Amino acid sequence: MQKRHVLKGVLPLALALTVPQAFAQAAPFKIGFILPMTGQSASTGRQIEAAAKLYMAQNGATVAGRKIELIIKDDAGVADSTRRLAQELVVNDKVDVLAGFGLTPLAMATAPIATQAKVPMVVTAAATSVITTASPYIVRTSFTLPQAAVAMGEWAGKNKIKKVVTLVTDYAPGIDAEKFFKSQFQLNGGEIVAEIRSPLKSPDFAPFLQKVRDAKPDAVFVFLPSGQGAAFMKQFAERGLDKSGIKLIGTGDITDDDQLNDMGDVALGVVTAQHYSASHNSPMNKKFVQSFEAANKFRPNFMAVAGYDGMRVIYKALEATKGKGGGDDLLAAMKGQVFESPRGPVMIDAQTRDVVHDIYIRKVERVGGQLWNQEFDVQKAVKDPGKLGAK
Ligand code: VNL
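What you see is a predicted model, and the numbers here were worked out from it, not measured in a lab.

Asker: Explanation requested: helix H7 (residues 206-215) in the structure shown.
Answerer: The complete set of buried residues in H7 reads Ala206, Phe208, Leu209 and Val212. Down the axis, H7 shows its buried residues gathered within 160° of arc, on one side only. Note on H7: the residue one or two positions beyond its end, Lys216, has a positive phi of about 45°.

Asker: Sorry if this is basic, but what is going on with the UniProt feature "domain: Leucine-binding protein" (unreviewed entry) in the chain here?
Answerer: Here, the residues flagged by UniProt with the feature "domain: Leucine-binding protein" (unreviewed entry) are residues 28-365. Here residues 28-365 runs as 40% helix and 23% strand, with 46 Å between its end C-alpha atoms.

Asker: Looking at this structure, how should I read the environment of Gln87?
Answerer: Along the chain, Gln87 turns up in helix H3 (residues 79-91). With 27 residues separating them in the primary sequence, Gln87 and Ala114 have C-alpha atoms 9.1 Å apart. Setting aside residues no more than four positions away along its own chain, Gln87 makes contact with Asn92 and Ile113.

Asker: Help me out: how do you make sense of the site of the ligand in this one?
Answerer: Close to the ligand lie 17 residues, the nearest being Thr104, Ala127, Tyr171, Ser226 and Asp253. Within the side chain of Asp253, a nitrogen or oxygen atom sits 2.5 Å from an oxygen atom of the ligand. Burial of the ligand by the protein amounts to 100% of the accessible area it has alone, namely 320 Å². Taken together, the residues of the shell around the ligand break down into 11 nonpolar, five polar and one charged.

Asker: Before we go on, may I ask you to explain the sheet that holds strand S5 (residues 121-123) in this structure?
Answerer: Strands belonging to one sheet form pairs held by backbone hydrogen bonds; the direction of such a pair is parallel or antiparallel. Read across the sheet, six strands follow the order S2-S3-S1-S4-S5-S6 without closing on themselves; strand pairing throughout is mixed. Both edges of this open sheet fall to strand S2 (62-63) and strand S6 (138-140), since each of them pairs with a single strand only. The pairing of strand S1 (residues 29-35) with strand S3 (residues 66-74) spans seven bridges and is classified as parallel. Its bridge partner lying in S3, Ile34 is registered against Lys73.

Asker: What should I look at first to understand the packing of aromatic side chains in this one?
Answerer: Geometry of an aromatic ring pair is reported as the spacing of the ring centres plus the angle between the planes. All chains considered together, the criterion is met by 12 aromatic pairs. Their ring planes at 85° and their centres at 5.6 Å tell us that Phe143 and Phe302 sit as a pair that is edge-to-face. Linking Phe143 in the loop between S6 and helix H5 (145-157) with Phe302 in helix H10 (residues 302-320), this pair joins segments that are 159 residues apart in sequence. In this structure Phe143 comes out as buried when scored by relative accessible area, which is 2%. By way of ring pairs, the aromatic residues Tyr55, Tyr276, Phe288, Phe292, Phe298, Tyr308 and Tyr315 are connected into one cluster. Of note, Arg299 hangs over the ring of Trp372, and the distance from its end group to the ring centre comes to 3.5 Å.

Asker: Just checking my understanding: could you explain the pattern of salt bridges for this structure?
Answerer: For side chains of opposite charge, pairing can occur when their charged atoms come near one another. Under the defined criterion, the tally for this structure stands at 19 salt bridges. Between Lys234 and Glu238 there is a salt bridge, with the nearest N and O atoms lying 3.1 Å from each other. Pair noted here: Lys234 and Glu238 are both in helix H8 (residues 229-238), with a separation of four residues, about one helical turn. The exposure class assigned to Glu238 is exposed, which follows from its relative accessible area of 57%.

Asker: Please clarify how the pairing of strand S13 (residues 344-348) should be interpreted in this entry.
Answerer: Looking along a regular strand, one sees side chains alternate from face to face of the sheet. By the bridge criterion, four bridges tie strand S12 (residues 338-341) to S13 in an arrangement that is antiparallel. Note that in S13 the partner of Glu340 across the bridge is Pro345. Linking S12 back to S13 in an antiparallel pair, the connection comprises two residues. Sheet topology note: the S13/strand S14 (residues 355-367) ladder contains three bridges and is antiparallel. Paired with Val346 across the strands is His357, a residue of S14. Here S13 hands over to S14 after six residues, with Arg353 in that stretch at a positive phi of 60°.

Asker: When you look at unusual backbone geometry in this model, what are you seeing that I'm missing?
Answerer: In most cases, non-glycine residues show a negative phi, while peptide bonds are predominantly trans. Positive phi outside glycine occurs at Lys118, with the angle close to 55°. With respect to the element layout, Lys118 can be found in the loop between helix H4 (104-117) and S5.

Asker: Sorry if this is basic, but what is going on with the packing of helix H2 (residues 42-59) against H10 here?
Answerer: When two helices pack together, their arrangement is given by the angle between the helix axes and by the axis-to-axis distance. It is the contact of H2 with H10, at a shortest axis distance of 7 Å, that shows an interaxial angle of 40°. Comparing the axis directions of H2 and H10 gives the class oblique. H10 is crossed by H2, and the crossing has right-handed handedness. Contacts from Thr44, Gln47, Ile48, Ala51, Ala52, Leu54, Tyr55, Met56, Gln58 and Asn59 of H2 reach H10 at Met303, Ala304, Gly307, Tyr308, Met311, Arg312 and Tyr315. A per-class count over the contact of H2 with H10 returns 11 nonpolar, five polar and one charged.

What counts, and where the lines are drawn
Each chain has its residues counted from 1, running along the sequence as written. A pLDDT threshold of at least 70 governs which residues receive local features in this predicted model, and a stricter bar of 80 or more applies before side-chain atom pairs are shown or counted, although totals over entire chains, interfaces and linings include all residues. With hydrogens and water excluded, all non-hydrogen atoms of the structure serve as input to the side-chain values. Exposure classes here rest on a 1.4 Å probe applied to the protein chains alone. A residue is buried below 20% of its type maximum, exposed above 50%, and partly exposed in between. Put simply, DSSP marks the helices as runs of H or I at least four residues long and the strands as runs of E at least two long, and each gets a number from the N terminus on. To be clear, the arc concerns the directions from the helix axis to the C-beta atoms. UniProt positions are given in the numbering used here, feature names are shortened, and annotations may be inferred rather than shown by experiment. Throughout, a residue-residue contact means that at least one pair of heavy atoms, one from each residue, lies within 4.5 Å. Any residue with a non-hydrogen atom lying within 4 Å of a molecule or strand is treated as near it. Two N or O atoms form a polar contact when they lie within 3.5 Å of each other; inside protein one atom must be a possible hydrogen donor and the other a possible acceptor, and for residues adjacent in sequence the pair counts only when both atoms belong to side chains. To measure how exposed things are, a 1.4 Å probe is used in the Shrake-Rupley method; for residues, cover is taken only from the protein chains shown. In this classification, Asp, Glu, Lys and Arg are treated as charged, Ala, Val, Leu, Ile, Met, Phe, Trp, Tyr, Cys and Pro as nonpolar, and every other residue, Gly included, as polar. At least two DSSP bridges between two strands are required for those strands to pair. Two aromatic rings from Phe, Tyr or Trp, using only the six-membered ring of Trp, form a pair when their centres are within 6.5 Å; if the ring planes differ by under 30 degrees the pair is stacked, by over 60 it is edge-to-face, and anything between is tilted. Ring-over charges, as used throughout, are those where CZ of Arg or NZ of Lys falls within 6 Å of the ring centre and within 35 degrees of the ring normal. Put simply, a salt bridge is a Lys or Arg side-chain nitrogen that is within 4 Å of an Asp or Glu carboxyl oxygen. Each axis is a line fitted through C-alpha atoms, taken for helices only over the stretch in contact, and angles between the N-to-C directions span 0 to 180 degrees. Between 65 and 115 degrees an angle is taken as roughly perpendicular, under 35 as roughly parallel, over 145 as roughly antiparallel, and anywhere else as oblique. In a left-handed crossing the near helix is turned counterclockwise from the far helix by less than a right angle, and in a right-handed crossing that turn is clockwise.

Below is the structure:
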């Protein structure tokens, strides 16, 4: 009796040991997204999570035999939390890839952890030029402020705008936007009459808008991080700036598709430069927007498209390693990827690990009863000017 009992226990174990490797249950492949799901930048987290889930729903939850496990952590936009969560994801959860990073300081705080752990870090939001230089393990699918700001500086200079006040949020991406807009605008014959910076936390734009008004420029060039555009537009209208003859131009963060449709008439005619509009005219984008809206009941913005493309880059890298993964091999397979995104053609520059994409000039128009950023001009395959030695 006792002998049979022992055998019963041993047999399955012996069998298990002879099962060929291919039939063994492969460990899940873990992607740890750290996002601001609460706080001032919560819309960025909500957009990216929804897009990552849509990508999985459309492309399957298994890649090269590995089940994809998405882990979402909320850092509320606080760098100390991002750093702690990244450490926990790497040490305890043993994630294969880190992703997300809603604001530049959050990405910068995590970079040393990615380097030390040799874990690829896919930045799907933060957009200061310097980020990709903070770790050789960083790959970016979002955008850079210099890409958009340079395009806007050129457009403004060539379109009868002579005097501009810049108004940017006072942290790294705002400084990038200010600096790169200015140099390109000046190159095209424009003059900067004032440079204004507003605080990142709960800004009240009223005093800054008064300064803009007093300077009487042809236009005000604005950068604010995603999520602040609607509040800005409201105050812009309340102070009558929309009727003052001062044109509003900026990077596309200000006419963010997450909020644009609720901004009202004040947004009409605002010209911005950016890499993504939900109204981008391509079959792939139409399908993306339709499926996204059906699943979420809100419109995807440029954060969503970066999250979607980030998943694409990770999936294809895992495929290229035939399911093996491994930080260095994944990273190698992320570099140089070329693909069609809902935004248009995209490349991950193999040297800089930064995104190369088209930058569109867009104007807000009402079409079919809704507000859209209507693309009317394009610069093709724009590399980050911050890495070209430009000032
Ligand atoms: C950043 C840049 C964040 C652009 C944004 O929204 C944005 C950043 C949260 O690098 O911190 O629209």
